[in-house]
Amino acid sequence: MTSAGHETELLARVVSGDRDAFDDVMRAHEDRVFSVCLRILDDRERALDATQDTFLTVFRKASQFQGRSAVGTWIYRIAVNTCYDQIRRAKRRPIESLPDHVDPSDPSAEEAIESAALRPEIEIALAAVPAEFRNAVILSDLEGLSLPEVAEILEVPIGTVKSRVFRGRRMLARQLGNQNTS
Amino acid sequence: MHEHDPDLIAALADGSLDDETEARALIESCDRCLSEYQDQVEVLALLVATPTARMNDLERAALHRDIWTELRRSPSRTGITPWWVRWSYVAAGLFVTVGLVSVLNGQFLSIGGDSAGEAFSEIGSGLDDTGAGGEQAPLTAADADEGAESATTTAAAEEAALPYPFADLADEARANRDLAEDRSSQFSTEAGEVEECLELSGLADQVLVEELDLDRRYLVMMPEGETGDLTVTFVALDDCEIVYVDG
């Protein structure tokens, strides 16, 4: 069975209440979901919240998966939409810097946080790029997803993705150039 | 003269073109295109070199714990009924059915060949008497057998009436013990409250392997330093009572 076929089969088992199948789906995609959420939200705690919300939605809406895209693409679309919801909610509440369950004195936690961080100049430059272009660049260039996958996830035509990726990179280059000259 | 083509330049930069001839010709004949191409390559190199963000072990364990806790708390919204909920429905249904059959049989035995209408009238008055604290008819042998069956069913119903599937949670606690061992409490409590609770419940020498924030807050405890099929004890934090012991 192909990987895509296996994942579709797993999701069908999730629909029938198979917890192990859901656990397998979660473990297969949790790192990338977290990574996408962290890049979009730029906040570790919120990225973890969004990852949790994403998989709860996956579990609850597994029966709505139509099989028109890969399971992973469907999950990342849920993740991106969950992040958009988080951003809307965040405008209404203050942000804390670290999750309660991460002990900053724990060396492994610190190491993980540092390794996940973008270089500061890239982070600052990315933050200055409008969200629709930034998210296309994040999915395409940081997460390495194909243009058709990004189009599925962002729910826009491939031509729009190409344009957004091109213009997003160009804005990023300009931002980085401005940082170097300032 | 070549026309400026952003898509072609972007595709050349990320190496997704099968044939680069046209794109190469474009950037050689157009200064603006060349500048755009160099920007795209430079940015792409920076982004690709960025390591993938990953959760650490603590975050991963917390994520799994929180997701499973949430799914146990509100399983009905999934549209999927977990096995333990289905069995609790079956146990409750069985309990009601057996109880009803036992009442009906008792009444039919005592009234012999009376008509169904009279039988139900008798049942009604019997129930009224019971509700009013009146005397009940002596139990027949058949009643006694059915009583025993009812008692068994009652025990099953009580088991099913536990607010959460603790046996199942105990299995998960055993499976996740390596991740959770030696953790300290994450519950927001007054200083020493958890320790005091464990002292009161006689579990101070055990390891806190998990915490569940369900209808109440539970501490999941296991003996220290042992392996194999360990005893798992669930302690309610609000009254320090042991609510369930598995194994």
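Described below are features of the structure shown in this document. Just so it is clear, the model here is predicted, and its values are computed rather than measured.

Calculation rules
Residues numbered from 1 in each chain as written. Chains lettered and ligands numbered in written order. Predicted model: local features only at pLDDT ≥ 70, side-chain atom pairs only at ≥ 80, totals over all residues. Heavy atoms only, no water. Contact = heavy atoms within 4.5 Å. Buried area = accessible area lost by both parts, 1.4 Å probe. Salt bridge = Lys/Arg side-chain N within 4 Å of Asp/Glu carboxyl O. Polar contact = N/O pair within 3.5 Å; in protein donor to acceptor, adjacent residues only side chain to side chain. Helix = DSSP H or I, 4+ residues; strand = E, 2+ residues; numbered from the N terminus. Axes fitted to C-alpha atoms, helices over the stretch in contact; angles between N-to-C directions. Parallel < 35°, antiparallel > 145°, perpendicular 65-115°, else oblique. Left-handed = near helix turned anticlockwise from the far one by under 90°. Nonpolar A, V, L, I, M, F, W, Y, C, P; charged D, E, K, R; others polar. Disulfide = S-S within 2.5 Å. Expected span 1.5 Å × (residues − 1). Buried < 20%, exposed > 50% of the residue type's maximum accessible area, 1.4 Å probe, protein only. Arc of directions from axis to C-beta. 1 Å grid on protein atoms, 1.4 Å probe; cavity = no way out; pocket = protein on both sides within 12 Å on 5 of 7 lines; lining within 4 Å. Points joined across faces, edges and corners; volume = space filled by probe spheres on them.

## Here we look at the interface of chain B and chain A
Taken together, the 42 residues of chain B in the interface contact 46 residues of chain A. Note on chain B versus chain A: buried area summed over both sides is about 4,100 Å², and carbon and sulfur give 61% of it. Viewed at the interface, chain A and chain B are joined by seven salt bridges. Notably, a salt bridge pairs Asp31(A) with Arg60(B), separated by 3.2 Å at the nearest N-O pair. Across the contact surface, chain B and chain A share twelve residue pairs in polar contact (both at pLDDT 80 or more). The set of elements that each furnish at least two residues to the side of chain B that touches chain A consists of helix H1 (6-13), helix H3 (31-48), helix H4 (57-73) and helix H8 (166-175) of chain B.

## Things to note about the packing of helix H7 (residues 131-142) of chain A against H3(B)
Close contact between H7(A) and H3(B) brings their axes to 9 Å; oriented N to C, the two are set at 70°. Taken together, the axis directions place H7(A) and H3(B) in an arrangement best described as roughly perpendicular. Pair H7(A) / H3(B) crosses with right-handed handedness. Contacts between H7(A) and H3(B) involve Val137(A), Asp141(A) and Leu142(A) on the former and, on the latter, Leu44(B), Leu47(B) and Val48(B). Along the lines of polarity and charge, the residues of the contact of H7(A) with H3(B) split into five nonpolar, no polar and one charged.

## As for the state of the cysteines
All names here are of chain B. Per the stated rule, a full pass over the model turns up two disulfides over all chains. Between the sulfur atoms of cysteine 30 and its disulfide partner cysteine 33 the distance amounts to 2.3 Å. Taking the sign of the S-S torsion, 75° for the link of cysteine 30 and cysteine 33, the bridge is right-handed. Covalent S-S linkage joins cysteine 197 and cysteine 240, the inter-sulfur distance amounting to 2.2 Å. A torsion of -130° about the S-S bond marks the disulfide between cysteine 197 and cysteine 240 as left-handed. With cysteine 197 in helix H10 (residues 193-200) and cysteine 240 in the loop between strand E3 (232-236) and strand E4 (242-246), the pair connects residues that are 43 residues apart, well separated along the chain. Taking only the cysteines that form disulfides and numbering them from first to last, chain B has the pattern 1-2, 3-4.

## Here's the deal with H3(B)
Residues and elements named next belong to chain B. With 18 residues, H3 should cover 26 Å at 1.5 Å per step; its first-to-last C-alpha distance of 26 Å lies within 8% of that length. Within H3 the residues assigned to the buried category are Cys33, Glu36, Tyr37, Gln40, Val43, Leu44 and Leu47. One face of H3 carries all of its buried residues, which in axial projection span an arc of 140°. In this structure, H3 carries Asp31 and Glu42 as exposed residues pointing more than 90 degrees from its buried face.

## Re empty space enclosed by the protein
All names here are of chain B. What the rule picks out here adds up to two cavities of 30 Å³ or more. Taken as a whole, the second largest cavity holds about 30 Å³ of empty space. Where the lining of the second largest cavity is concerned, the elements lending two or more residues are H8 and strand E1 (207-213). Among the residues forming the lining of the second largest cavity, the class breakdown is four nonpolar, no polar and three charged.

## Side note on the environment of Met171(A)
Residue and element names in this part refer to chain A. For methionine 171, the location among the structural elements is in helix H9 (residues 158-181). Between the C-alpha atom of methionine 171 and that of alanine 128, which follows or precedes it by 43 residues, the distance is 8.4 Å. The residues contacting methionine 171, other than those within four sequence positions of it, are Val129, Pro130 and Phe133.

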